[in-house]
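Descriptive analysis of the structure
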Amino acid sequence: SQTIHQWPATLVQPVGSPLSLECTVEGTSNPNLYWYRQAAGRGLQLLFYSVGIGQISSEVPQNLSASRPQDRQFILSSKKLLLSDSGFYLCAWSHDSVNTEAFFGQGTRLTVV
Amino acid sequence: GEDVEQSLFLSVREGDSSVINCTYTDSSSTYLYWYKQEPGAGLQLLTYIFSNMDMKQDQRLTVLLNKKDKHLSLRIADTQTGDSAIYFCAEVKVPSNTGKLIFGQGTTLQVKP
């Protein structure tokens with residue numbers, strides 16, 4: 001069976017510090033991978049998606065970047081965090097198929113202070 | 001356009017039925033999903049419907065789709081306190097090789113005992 005792991009679960013970082021959130025998927029190959037952000041009281045905003053190793057598409061201009069160094073590994077990064085980067089970050093994966101149900105990780109609560 | 005909209009809050013009493021509504025703007029063929037998010041957790045897929053269907057029932061859940069009005073609803077029969085959560089509707093267009101989901105803002109369902 002497929003599983004998705006996302007860590008850490010919570011993170012408190014000072015403004016200007018770097019960020020690295022990691023997400024890995026097990027039990028499948030060549031998944032589509034996604035990073036979403038959920039601001040407090042808001043819906044989900046797609047930040048990045050990837051259809052293959054080294055292929056990253058950015059949905060919105062921002063202070064964050066993403067990388068996919070391996071087939072089932074997706075990393076969200078920042079060189080210098082801003083207060084506005086606070087939020088709940090969710091990693092997800094889906095099959096590259098017609099019914100693109102997405103499976104989500106448990107999320108990372110990031111607070112920038 | 002790619003807007004998906006939901007009402008933000010719904011309060012019901014335990015044992016009553018809950019109806020959560022969603023509207024979307026894109027009339028191209030699509031899958032439509034309902035996800036549930038419990039506090040501090042990731043998203044869990046509840047059910048989905050393809051746009052050539054009018055209704056889908058799965059135990060206590062009934063999804064109704066009105067294609068003419070681009071309106072989607074999720075009915076939860078015999079609502080329990082464990083159903084308290086945020087419910088997101090989402091759509092994806094087919095054919096799609098990216099699987100990007102467009103989410104609504106989420107409806108917070110409060111179930112009172």
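Up top is the structure these notes are about.
Residues numbered from 1 in each chain as written. Chains lettered and ligands numbered in written order. Predicted model: local features only at pLDDT ≥ 70, side-chain atom pairs only at ≥ 80, totals over all residues. Heavy atoms only, no water.

**Points about the sheet that holds strand β8 (residues 73–78) of chain A**
All names here are of chain A. A sheet is described by the order of its strands in space; here four strands give the open sequence β1-β3-β8-β7, paired in antiparallel fashion. Where the open sheet ends on each side, the last strands, each with one partner, are β1 (3–7) and β7 (65–70). Across the sheet, the mean angle separating the axes of adjacent strands is 20 degrees when strand polarity is ignored. Here β1 runs beside strand β3 (residues 19–26); their pairing, made up of five bridges, is antiparallel. If you follow W7 over to β3, its bridge partner there is E22. (Pairing = 2+ DSSP bridges. Helix = DSSP H or I, 4+ residues; strand = E, 2+ residues; numbered from the N terminus. Axes fitted to C-alpha atoms, helices over the stretch in contact; angles between N-to-C directions.)

**What to know about the sheet that holds strand β6 (residues 55–58) of chain B**
Residue and element names in this part refer to chain B. Pairing in this open sheet of five strands is antiparallel, and the strands run β1-β3-β8-β7-β6 from one edge to the other. Each edge of the open sheet is held by one strand with a lone partner, namely β1 (4–6) and β6. Taken pair by pair, the neighbouring strands of this sheet meet at an average axis angle of 15 degrees, ignoring direction. Where strand β7 (residues 61–66) and strand β8 (residues 71–76) come together, six bridges link them in antiparallel fashion. The residue of β8 that forms the bridge with L61 is I76.

**Describing the packing of aromatic side chains**
Counted by the stated rule, this structure contains 14 aromatic pairs over all chains. Aromatic pair Y36 of chain A and F104 of chain A: ring centres 5.7 Å apart, planes at 45 degrees, arrangement tilted. Taken together, the positions of Y36 of chain A in strand β4 (residues 32–38) and F104 of chain A in strand β10 (residues 102–104) put the pair 68 residues apart, joining distant regions of the chain. Here Y31 of chain B and F50 of chain B contribute two aromatic rings whose centre-to-centre distance is 4.6 Å and whose plane-to-plane angle is 45 degrees, an arrangement assigned as tilted. Note that Y31 of chain B is positioned in strand β4 (residues 30–37) and F50 of chain B in strand β5 (residues 43–50), a separation of 19 residues in sequence. Classification of F50 of chain B by relative accessible area gives partly exposed; the value is 23%. Cluster of aromatic residues (ring-pair linked, three or more members): Y34, Y36 and F104 of chain A together with Y31, Y33, Y35, Y48, F50, F88 and F103 of chain B. (Phe/Tyr/Trp six-rings, centres within 6.5 Å; stacked < 30°, edge-to-face > 60°. Buried < 20%, exposed > 50% of the residue type's maximum accessible area, 1.4 Å probe, protein only.)

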